[in-house]
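# Fold and geometry: a report
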Amino acid sequence: MNQGEPGQDDDPAGDPAERKMRFLFALRSRGVTDARVLTAMERVDRGLFVKGVFAARAYEDMPLPIACGQTISQPSVVGLMTQALNISPRDTVLEVGTGSGYQAAILSELARRVYTVDRYRRLTHEAAELFRQMKLNNITTITADGSHGLPDQAPFDRILVTAAAEDPPGPLLAQLKPGGIMVLPVGQSDAVQSLIKVTRTERGFDYEELRPVRFVPLVEGLGSE
Ligand code: SAH
């Protein structure tokens with residue numbers, strides 16, 4: 001018999017339906033209200049992207065460590081960034097910073113095609129293998145320094161950067177279509193950063209500050225693993 005208080009269940013294997021309900025409730029209470037984003041986040045199991053001792057915490061609203069000293073972002077931040085991108089089903093999206101692949105999997109539910117790049121080969125290989133198992137066939141995973149974007153696949157309708165730069169990288173601004181939206185954290189890597197939304201207009205770029213965030217830094221060149 002379970003003697004615990006309702007809602008105090010620490011069993012990681014707990015009832016999946018209840019776990020999912022709590023996960024979605026946490027997202028809504030932190031401002032993720034877009035129905036399409038919530039549906040995508042309901043469909044993609046975060047537990048598949050978190051390994052080892054941290055797997056038990058996959059359904060909590062917190063960032064967690066992944067390989068190569070990187071982190072899988074907090075689910076509510078993933079939701080808010082995805083919501084800010086306002087993706088339509090015909091869009092081609094570039095994500096810089098594949099990490100675990102979780103964010104890319106959510107983008108793949110909403111967009112026509114997703115390109116995701118990371119500077120660590122180990123991370124892109126593991127993520128690509130997960131996408132294959134999950135039959136997310138519209139994601140292309142590439143090992144590259146994403147601060148240069150992907151000139152061969154550009155321009156993009158939407159760009160999401162999940163690592164912090166001091167300023168929006170020029171090549172990424174250049175690879176955004178007119179009417180396109182880019183969401184990225186900007187600021188020093190050891191301080192609180194600002195999540196910003198950049199919209200490309202006919203005349204230039206509009207900038208909107210969304211909220212304070214903390215991301216790992218955008219680093220130049222390829223990683224060692
Ligand atoms: N979106 C990820 C979390 C990303 S953590 C997820 O859903 O799990 C940030 C990632 O950005 C790290 O994996 C890091 O290796 C990557 N990164 C940092 N600088 C980069 C660069 N210049 N090009 C590509 N990836 C980079």
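See the structure printed just above.
Report follows, based on the coordinates. Treat the numbers as computed from the prediction; the structure is a model and nothing was measured.

## Here we look at the overall build of the protein chain
Helix and strand counts for the protein chain stand at six helices and nine strands. Viewed in the frame of its principal axes, the protein chain has a C-alpha envelope of about 65 × 35 × 35 Å. Taken over 225 residues, the protein chain has a buried fraction of 49%. Within the protein chain, contacts between residues separated by at least 24 positions form 53% of all contacts whose residues are at least 6 apart in sequence. Summed over all atoms, the accessible surface of the protein chain reaches about 11,300 Å², with 49% contributed by carbon and sulfur. If you average the places of the 25 positive and of the 29 negative side-chain charges in the protein chain, the two averages end up 5 Å apart.

## Considerations on the packing of helix 2 (residues 35–43) against helix 4 (residues 102–110)
Axis separation between helix 2 and helix 4 bottoms out at 9 Å; the angle between their running directions is 125°. With respect to each other, helix 2 and helix 4 are oriented oblique. Our pair here, helix 2 against helix 4, has a crossing hand that is right-handed. Across the interface between the two elements, Arg36, Val37, Ala40, Met41 and Arg43 from helix 2 touch Tyr102, Ile106, Glu109 and Leu110 from helix 4.

## Things to note about the side chain of Asp157
Mapped onto the secondary structure, Asp157 falls in strand 6 (residues 156–161). Polar contacts involving the side chain of Asp157 include one to the main-chain amide nitrogen of Thr92, which spans 2.8 Å.

## Considering helix 3 (residues 75–85)
The α-helix winds at 3.6 residues per turn, so residues separated by three or four positions along the chain end up facing the same way. The buried count for helix 3 comes to 10 of 11 residues, which makes it a mostly enclosed element. Looking at helix 3, one finds that the buried residues are Pro75, Ser76, Val77, Val78, Gly79, Leu80, Met81, Thr82, Ala84 and Leu85. Count one or two residues on from helix 3 and you reach Asn86, which has phi positive near 50°.

## Things to note about the environment of Gln70
Its place among the elements puts Gln70 in the loop between strand 1 (64–65) and strand 2 (71–72). A C-alpha to C-alpha distance of 9.6 Å links Gln70 and Pro217, two positions 147 residues apart in sequence. Non-local contacts of Gln70, meaning those with residues more than four positions away in its chain, are made with Leu64, Pro65, Tyr120, Leu123 and Val216.

## Quick notes on unusual backbone geometry
Geometrically, the link from Ala154 to Pro155 is a cis peptide bond, its omega value of 0° lying close to zero. If you trace the backbone, Pro155 turns up in the loop between strand 5 (139–143) and strand 6. Even without being a glycine, Asn86 presents a positive backbone phi close to 50°.

## A look at the site of the ligand
Surveying the vicinity of the ligand reveals 28 residues, the closest of which are Ser100, Asp118, Asp145, Gly146 and Val219. Side-chain polar atom of Glu95 to a nitrogen atom of the ligand: 2.9 Å apart, as the coordinates give it. Val219 places a main-chain nitrogen or oxygen 2.6 Å from a nitrogen atom of the ligand. In isolation the ligand exposes 580 Å². Once the protein is present, 99% of that is buried. Among the detected pockets, the ligand sits in the largest pocket. Class assignment of the residues belonging to the shell around the ligand gives a composition of 12 nonpolar, 12 polar and four charged.

Definitions and limits used
- Residues numbered from 1 in each chain as written.
- Predicted model: local features only at pLDDT ≥ 70, side-chain atom pairs only at ≥ 80, totals over all residues.
- Heavy atoms only, no water.
- Helix = DSSP H or I, 4+ residues; strand = E, 2+ residues; numbered from the N terminus.
- Buried < 20%, exposed > 50% of the residue type's maximum accessible area, 1.4 Å probe, protein only.
- Contact = heavy atoms within 4.5 Å.
- Areas by Shrake-Rupley, 256 points an atom, 1.4 Å probe, with all protein chains shown as cover.
- Lys, Arg positive; Asp, Glu negative; His and termini not counted.
- Charge placed at Lys NZ, Arg CZ, Asp CG, Glu CD.
- Axes fitted to C-alpha atoms, helices over the stretch in contact; angles between N-to-C directions.
- Parallel < 35°, antiparallel > 145°, perpendicular 65-115°, else oblique.
- Left-handed = near helix turned anticlockwise from the far one by under 90°.
- Polar contact = N/O pair within 3.5 Å; in protein donor to acceptor, adjacent residues only side chain to side chain.
- Near = heavy atom within 4 Å.
- 1 Å grid on protein atoms, 1.4 Å probe; cavity = no way out; pocket = protein on both sides within 12 Å on 5 of 7 lines; lining within 4 Å.
- Sits in = over half its atoms within 2 Å of the grid points.
- Nonpolar A, V, L, I, M, F, W, Y, C, P; charged D, E, K, R; others polar.

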